[in-house]
Amino acid sequence: MNASPSSPAQGNKVFYTGVLPPIKDYITEALIFPGTNAREPYEKQARFSFVFRVISGGREIARTAPQSCDEKGHVRINIDACMKGKSETAPSFALVEVESSADIPVSFYFAHIHRNTGIYYPAPAMMFMGDIIYPHIHAQQLENALFWPGVYYTSNTEFQLAVINPYEVPMSIEASGWHNTKGTCSSGMIRISPQECKWLPLDIWVPKSWRDDGQPISVSVAAQFKLVAEMVLINRSNGVITSTDHLHTYHLH
Amino acid sequence: MQTGEGTICFCYRKSLADLKAGMQEHVTLERLQEVMRVGLACGGCRAMLHHHFGGSLAQINDFSVEMGTTSCAKPGSRVMKGFIASGSLMESHIFSCNAVPLQLGECDAGTDAEFVIYNHAGKPILARKYRIETGETFHFDTALSRLPRPFYGMVTLSISRGNLGPSRFNVSWYRDESSTSTHENASTGRPDVILPIAFDQRFLNGPNTVYLAVQNPHARAIDLHFRVFRMNDGNLYGDVHNKRPSKSSLKRLLGISRRSAIEWQRRLPSMGTFWIPVHEEFILPASKELGTDDALALRIYSPEDNMHMAPSTYFFFHHKPTNILSCNHL
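This structure is a prediction, so every number in the text was calculated from the model and none was measured. (Residues numbered from 1 in each chain as written. Chains lettered and ligands numbered in written order. Predicted model: local features only at pLDDT ≥ 70, side-chain atom pairs only at ≥ 80, totals over all residues.)

A. Focus on the domain arrangement of chain A. All names here are of chain A. For chain A, the assigned domains read domain 1 (13-128) and domain 2 (135-251). For domain 1 versus domain 2, the separation of C-alpha centres amounts to 23 Å. In this assembly, 20 residues from domain 1 lie in contact with 21 residues from domain 2. Among the elements of the structure, β1 (13-19), β7 (92-100), β8 (109-114), β9 (120-124) and β10 (126-128) are those that each provide at least two residues to the side of domain 1 that touches domain 2. Residues of the side of domain 1 that touches domain 2, tallied by class, amount to 13 nonpolar, 7 polar and no charged. (Domains from an automatic or database assignment. Contact = placed C-beta atoms within 7 Å. Helix = DSSP H or I, 4+ residues; strand = E, 2+ residues; numbered from the N terminus. Nonpolar A, V, L, I, M, F, W, Y, C, P; charged D, E, K, R; others polar.)

Below, the structure written as structure tokens:
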């Protein structure tokens, strides 16, 4: 099934994604040193190129010019430069196209800096298929059933589950909560349109009695395709995000 | 024992109960698929269909890979490892969940677990055994423990099952004002990482302080190198000479008298942890030698080790005006 976020795959192009915080409130950067994976056993004179796209409400609203470097170099991407005069219509996510001339894996992080306070939080860029949905990928691990162990309600932190649909087909998801004595709860079925990012505040779909009893809750989210989902922790006193990180797959083997 | 009404086929909105009822009537999986269409759109539920009902799956599109059998909990064991701290900067709350996807239906995945805390030198100082039932979330809070303070160390959680899932533990590091969280890292596979922070004037004069927690999750010591380099003309991967360069007038004139990188070496014992205030220990001393006109960056690597002997690195930001913490891992 083709579900290309852009053009079909060419060469060694790999796609990465990640939830973006509200662009009016945050500067987002990525500082990437791809050469850390290019040392042994690779030792190839690789080149890397990066295009950073901002997707909001099902469409691309901005993209950076391609940037490239070799094994010993780095690129530093700032999305402010490409966001001038543009605004989000809905929660947005990053879609980063990375080309490596030698199949060298690249790991990188987004840095999100709150404009008013300077509070800084890092988040990993998540690799995903990008071009094609491969149903049989679920044979080894359920990449369409992700978990976050440990939501612990305190007065200072709010939890929101952010789910990205990077494909060009709609996706249905269902989030579930797990309580040690009260069983499970559900968000109900939620449709996510193509290339849409949806934030699901646990304050809305987890029962209040669960949130108030001092017991930890764990969360899962399931869908028909490989999922990209992150848990967002937000400080209740000032609305600033203190971390986002990805959920984990359920391994069958 | 877990029971649930998980959705199996998201495309055609069929739950496990729907499918079990359907099988009563249609007997074979292929016939069930013909009638209910399950597993014939995106194909994402085919492993689940095979898990529950076995037999042959109806083919769709170019789908040609046969699914393997699955179960909720595989025999075996797993050990997970992560960073905890207890002190004035932060406390730590560890969570591991033994839930099974609702789509897998009724499962007994209960597991025995052993929880061990190691101090910064890699010495075990606390060990406890637990039983974690299906769907239960295990948790441990350093604020309620009798750890010495300040404490920085490693926690391991061993479970008696071979497959992971929500059991991969998260740590929430918290203080009165805020909390932040990421997951355990039993083995990162990354012996060479660069902190994704440009230590430029804006950052150095800004409100954030950076800390590193570097851990050795392996059975022997690791020699770690911490290299601070200038980003734009720095020496990321070449040799580093920690002696001051010649101050000859010719070299100064050519602009090559400045050192391009400074490196520190430290040996991290097995199961040990370094807790490092990055500004004080690396960046500020390096900026005196390397200058502050260019952004600096920090590389952490173990030159003698490969991806199977990589350290684990967590990095934390402390926003001093608000006391808010944020974090992630490399």
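Still more to cover.
B. Inspection of the pairing of strand β17 (residues 312-319) of chain B at higher detail. Residues and elements named next belong to chain B. The buried fraction of β17 is high, at 8 of 8 residues. Across the two faces of β17 the burial is the same, with Ser312, Tyr314, Phe316 and His318 and Thr313, Phe315, Phe317 and His319 all buried. In the sheet, strand β12 (residues 208-215) pairs with β17 via 8 bridges, with the strands oriented antiparallel. Bridge pairing links Gln215 to Ser312 in β17. Sheet topology places β17 next to strand β18 (residues 324-329); 6 bridges connect them, and they run antiparallel. Within β18, the position partnered with Tyr314 by the bridge is His329. (Buried ≥ 20, exposed ≤ 12 C-beta atoms within 10 Å, placed from the backbone. Pairing = 2+ DSSP bridges.)

C. Expanded view of the environment of Ala297 of chain B. Residue and element names in this part refer to chain B. Here Ala297 shows up in strand β16 (residues 296-301). C-beta crowding within 10 Å serves as the criterion here: with 24 such atoms nearby, Ala297 is assigned to the buried category. Along the sequence, Ala297 and Leu195 sit 102 residues apart, while their C-alpha atoms lie 6.8 Å from each other.

D. Examining the domain arrangement of chain B more closely. Residues and elements named next belong to chain B. On domain assignment, one finds that chain B holds domain 1 (1-70), domain 2 (78-183) and domain 3 (192-329). Here the C-alpha centroids of domain 2 and domain 3 sit 29 Å apart. In this complex, domain 2 contributes 17 residues to the contact, which on the side of domain 3 involves 19 residues. For the side of domain 2 that touches domain 3, the secondary-structure elements that each account for two or more residues are β3 (78-86), β8 (151-159) and β10 (179-183). With 3 residues, the single largest contributor to the side of domain 2 that touches domain 3 is β8. Considering only residue class, the side of domain 2 that touches domain 3 consists of 8 nonpolar, 6 polar and 3 charged.

E. Representation of the sheet that holds strand β6 (residues 124-132) of chain B in the model. Residue and element names in this part refer to chain B. As summarised here, the arrangement of the 4 strands in space is β3-β8-β5-β6, forming an open sheet in which the pairing is antiparallel. Strands at the two margins of the open sheet, each flanked by one partner only, are β3 and β6. Looking at each pair of strands side by side, their axes are set apart by 20° on average, direction ignored. Pairing geometry for strand β5 (residues 111-118) and β8, over 6 bridges, is antiparallel. Across the sheet, the residue bridging to Ala113 is Ile159, located in β8. (Axes fitted to C-alpha atoms, helices over the stretch in contact; angles between N-to-C directions.)

F. Layout of the pairing of β8 of chain B. All names here are of chain B. When you tally the buried positions in β8, you get 8 out of 9 residues, the bulk of the element. Two strands pair when backbone bridges link them, and β3 and β8 are joined in this way by 9 bridges, in the antiparallel orientation. What sits directly across from Ala85, in β8, is Tyr152.

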